[in-house]
Amino acid sequence: MNENQDRFENFLREFEPRRPRPLERRAAHRLPVWRLAAAAVILLAMGAGFWSVHRKKNLEVAQSPREKTLVLPATETSNPEPLLLPLTELALNDPEQLDAELAKASRKLLPNFRKGESTLRVLAKE
């Protein structure tokens, strides 16, 4: 075993260390023209998108109330959204009571499809 180590050490002594050559200095990279063109196209597309959204909002504001076609029904309460924390606590403590509360809230929050002018009735063509 010792003989193998001696042979290996003799083999390693054959190599002579050299100083590494200095690193090459590369010229500063210039940005390719196609990258600049792609960035310009992206910026133009984003600007056009923002401009069209802004213009659309201005047109909606400029419309008179008579021209609007979509009329949302008024809610019965000032704060129609149920509070999340009490409902979560109710779900953990009493699931049956939660079902009753959700059914009660749905009568106030969800549209009534039984009325004559309901969208569902119009689609059903009764």
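Residues numbered from 1 in each chain as written. Predicted model: local features only at pLDDT ≥ 70, side-chain atom pairs only at ≥ 80, totals over all residues. Heavy atoms only, no water.

Caption draft 1: Spatial organisation of the overall build of the chain. Per the secondary structure count, the chain includes 5 helices and 0 strands. If you list the helices and strands of the chain from N to C, you get α-α-α-α-α. Within the span of the chain, comprising 126 residues, buried residues form 3% of the whole. Here the chain displays about 13400 Å² of accessible surface, and carbon together with sulfur accounts for 59% of that area. (Helix = DSSP H or I, 4+ residues; strand = E, 2+ residues; numbered from the N terminus. Buried < 20%, exposed > 50% of the residue type's maximum accessible area, 1.4 Å probe, protein only. Areas by Shrake-Rupley, 256 points an atom, 1.4 Å probe, with all protein chains shown as cover.)

Caption draft 2: Fine view of the confidence of the model for the chain. Here the chain averages 76 in pLDDT, while 71% of its residues score no lower than 70. Per-residue pLDDT, averaged within each element of the chain, yields its smallest value for helix α5 (residues 119–124) (69) and its largest for helix α1 (residues 2–13) (90). Every residue in residues 64–78 is under pLDDT 50, and counting partners more than four places away or in other chains gives 5 contacts. (pLDDT = per-residue confidence, 0-100. Contact = heavy atoms within 4.5 Å.)

Caption draft 3: Up close: the packing of aromatic side chains. Going through the model one piece at a time under the given rule, you end up with 1 aromatic pair. With 5.4 Å between their ring centres and 90 degrees between their planes, Phe11 and Phe15 make a pair best called edge-to-face. (Phe/Tyr/Trp six-rings, centres within 6.5 Å; stacked < 30°, edge-to-face > 60°.)

Caption draft 4: Region of the structure containing a nonpolar patch on the surface. Nonpolar side chains collect at one region of the surface, where Phe8, Phe11, Leu12 and Phe15 lie side by side and expose about 440 Å² of accessible area between them. Structurally, Phe11 is set in helix α1. (Patch = residues over 30% accessible without salt bridge, like charges linked within 9 Å, V, L, I, M, F, W, Y side chains within 5 Å. Salt bridge = Lys/Arg side-chain N within 4 Å of Asp/Glu carboxyl O.)

Caption draft 5: The packing of helix α3 (residues 84–93) against helix α4 (residues 95–109), seen in detail. The geometry of α3 relative to α4 is characterised by a closest axis approach of 6 Å and an angle of 140 degrees between their N-to-C directions. Overall, the two elements α3 and α4 adopt an arrangement that is oblique. Only Pro95, Gln97, Leu98, Glu101 and Leu102 of α4 make contact with α3, whose side of the interface consists of Leu87, Leu90, Ala91 and Asn93. Of the residues that constitute the contact of α3 with α4, the class distribution is 6 nonpolar, 2 polar and 1 charged. (Axes fitted to C-alpha atoms, helices over the stretch in contact; angles between N-to-C directions. Parallel < 35°, antiparallel > 145°, perpendicular 65-115°, else oblique. Nonpolar A, V, L, I, M, F, W, Y, C, P; charged D, E, K, R; others polar.)

Caption draft 6: Highlighting the pattern of salt bridges. One pass over the full model with this rule turns up 2 salt bridges. With a shortest N-O distance of 3.6 Å, Glu9 and Arg13 are connected by a salt bridge. Here Glu9 and its partner Arg13 are both found in helix α1, 4 residues apart, which amounts to about one turn of the helix. Residue classification places Glu9 among the partly exposed residues on the basis of a relative accessible area of 39%. Of the charged contacts in the structure, one is a salt bridge between Lys104 and Glu101, with a shortest N-O distance of 3.9 Å. Here the residue Lys104 and the residue Glu101 both occupy positions in helix α4, the gap between them amounting to 3 residues, near one helical turn. Accessibility expressed as a relative area gives 43% for Lys104, which makes it partly exposed. On the basis of relative accessible area, Glu101 is assigned to the partly exposed category, the value being 27%.

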